[in-house]
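For reference, the chains in residue letters:
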Amino acid sequence: MKVTLWGTRGTLPAMGPETARYGGNTASVEVRGSDGTLLVLDAGTGIRRLGMSLEPGLRRVDILLSHLHLDHVQGLGVFGPLFQPETEVYIWGPPSLTSDLRSRLSRYLSPPLFPVRIRDLPCQIVLNDAPRTFSVGEFEVESALVLHPGLTLGYRIREGRACMAYMPDHEPALGMRQFPGEPEWTSGYDIAAGVDLLIHDSQYTDAEYGERVGWGHSSLPQAVALARSAGARRLVMFHHDPSHGDALLDSMAGEAREAAPDGPEIDVGREGATYDLPA
């Protein structure tokens, strides 16, 4: 399993010299299986460059949306495979009791917000509510609702013995007097348990979080605490605040490593970074 980060920013793109090292595109992650199966996690602005990197004549791609906030779907309409007639594009997203995934995505992918409607895309497109467990090629995928405003999924992806988890927008400490608490009462614990790689919301410093409780995001110390409790081996900081430049992200990561010298390994999510997880 090969994991590549194409967008690591949260809320909105933040391009400029102060974010050049870790990147300013919003959330999008490529996951490749050993047999070539392609998963795309979220469709923020990073998905544009991901699409440009793909081989011509791609037969199938599966996009797993964690939720439908704009920073996670705003790049969908410029994803190259959507305009290739020979490509099957499967889009999976959080289920709703009131409207299907096509209806919800069409609120954005239609005039006046976007010039092309979903029904007019030349690719072979299939939209599905993500079930609790499903298979895509060699991948076994689990999804679960996690704490974030609106319907939001975390994903756990396994290929052989390799396992990763993706929770880009997540506030598991909300309403807890002591965090982390018992596993059965901790949002996202089962998704993160024992994974080789955990890509997790780390948007705030401790001081910032105190002023933003209930906004749906974690402080970096909370993300580290969840990773340690769940036994994740490596934590990738994700959903960087648009006001956080490279220097501040370095400082946050350094303090977190000093506070947790016995693990997990902590990386600042960087556009272009790749992780190879042997199956």
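Everything below is about the structure shown above.
Each value, and the rule that gives it
- Residues numbered from 1 in each chain as written.
- Predicted model: local features only at pLDDT ≥ 70, side-chain atom pairs only at ≥ 80, totals over all residues.
- Heavy atoms only, no water.
- Buried < 20%, exposed > 50% of the residue type's maximum accessible area, 1.4 Å probe, protein only.
- Helix = DSSP H or I, 4+ residues; strand = E, 2+ residues; numbered from the N terminus.
- Pairing = 2+ DSSP bridges.
- Axes fitted to C-alpha atoms, helices over the stretch in contact; angles between N-to-C directions.
- Polar contact = N/O pair within 3.5 Å; in protein donor to acceptor, adjacent residues only side chain to side chain.
- Contact = heavy atoms within 4.5 Å.
- Patch = residues over 30% accessible without salt bridge, like charges linked within 9 Å, V, L, I, M, F, W, Y side chains within 5 Å.
- Areas by Shrake-Rupley, 256 points an atom, 1.4 Å probe, with all protein chains shown as cover.
- Salt bridge = Lys/Arg side-chain N within 4 Å of Asp/Glu carboxyl O.
- Phe/Tyr/Trp six-rings, centres within 6.5 Å; stacked < 30°, edge-to-face > 60°.

Q: Would you take a moment to explain the pairing of strand β7 (residues 133-136) for this structure?
A: Along any regular strand the residues' side chains alternate between the sheet's two faces. With burial as the criterion, only one face of β7 is covered, namely that bearing F134 and V136; the residues T133 and S135 on the opposite face remain uncovered. By the bridge criterion, four bridges tie β7 to strand β8 (residues 139-145) in an arrangement that is antiparallel. Residue pairing in the sheet places T133 in a bridge with E142 of β8. The hairpin formed by β7 and β8 contains two residues between the paired strands, and G137 there has a positive phi angle of roughly 55 degrees.

Q: Whenever I open this one, the sheet that holds strand β2 (residues 28-32) confuses me. Can you help?
A: A sheet is described by the order of its strands in space; here seven strands give the open sequence β6-β5-β4-β3-β2-β1-β14, paired in mixed fashion. Every interior strand has two partners, whereas the edge strands, β6 (124-129) and β14 (274-276), have only one. For this sheet the average axis-to-axis angle between neighbouring strands, irrespective of direction, equals 20 degrees. Strand direction decides the pairing type here: β2 and strand β3 (residues 38-41), joined by four bridges, are antiparallel. Counted as the bridge partner of V31 is L39 from β3.

Q: Would you mind showing me how to read the side chain of N25 here?
A: Relative to the helices and strands, N25 resides in the loop between β1 (2-7) and β2. Residue classification places N25 among the buried positions, given a relative accessible area of 11%. Engagement of the side chain of N25 in a polar contact is seen with the side chain of T45, the distance being 2.9 Å. Setting aside its immediate chain neighbours within four residues, N25 contacts W6, G7, T8, R9, M15, T45, G46 and E271.

Q: Hey, could you run me through a nonpolar patch on the surface in this one?
A: Taken together, the side chains of L147, L174 and V213 make up a nonpolar region of the molecular surface, amounting to roughly 220 Å² of accessible area. For V213, the position within the fold is in the loop between α4 (206-210) and α5 (220-230). With relative accessibility at 48%, the residue V213 sits in the partly exposed group.

Q: Would you mind going over the packing of aromatic side chains with me for this structure?
A: What describes a pair of aromatic rings is the distance from one ring centre to the other and the angle between the planes of the rings. Taken as a whole and judged by the stated rule, the model has three aromatic pairs. Plain terms: the ring middles of W92 and F134 are 4.5 Å apart, the flat faces sit at 20 degrees to each other, and that makes the pair stacked. Of the two residues, W92 is situated in strand β5 (residues 88-93) and F134 in strand β7; the sequence distance between them amounts to 42 residues. Note on accessibility: W92 and F134 belong to one class, buried. Ring centres of Y108 and F114 lie 6.2 Å apart, and the angle between their planes is 50 degrees; this geometry places the pair in the tilted category.

Q: Would you explain the pattern of salt bridges in this entry?
A: Applying the stated criterion to the full structure yields 13 salt bridges. Between D62 and R60 there is a salt bridge, with its nearest N and O atoms 2.7 Å apart. Judged by its relative accessible area of 2%, D62 falls in the buried class. Across the salt bridge formed by R234 and E265, the nearest N and O atoms sit 3.0 Å from each other. With a gap of 31 residues between them, R234 in strand β12 (residues 234-238) and E265 in strand β13 (residues 265-268) connect regions that are remote in the sequence. R234 sits in the partly exposed class, given a relative accessible area of 23%. On the basis of relative accessibility, which here comes to 47%, the residue E265 falls in the partly exposed class. Taken together, the shared-partner salt bridges connect E30, R32 and E55 into one network.

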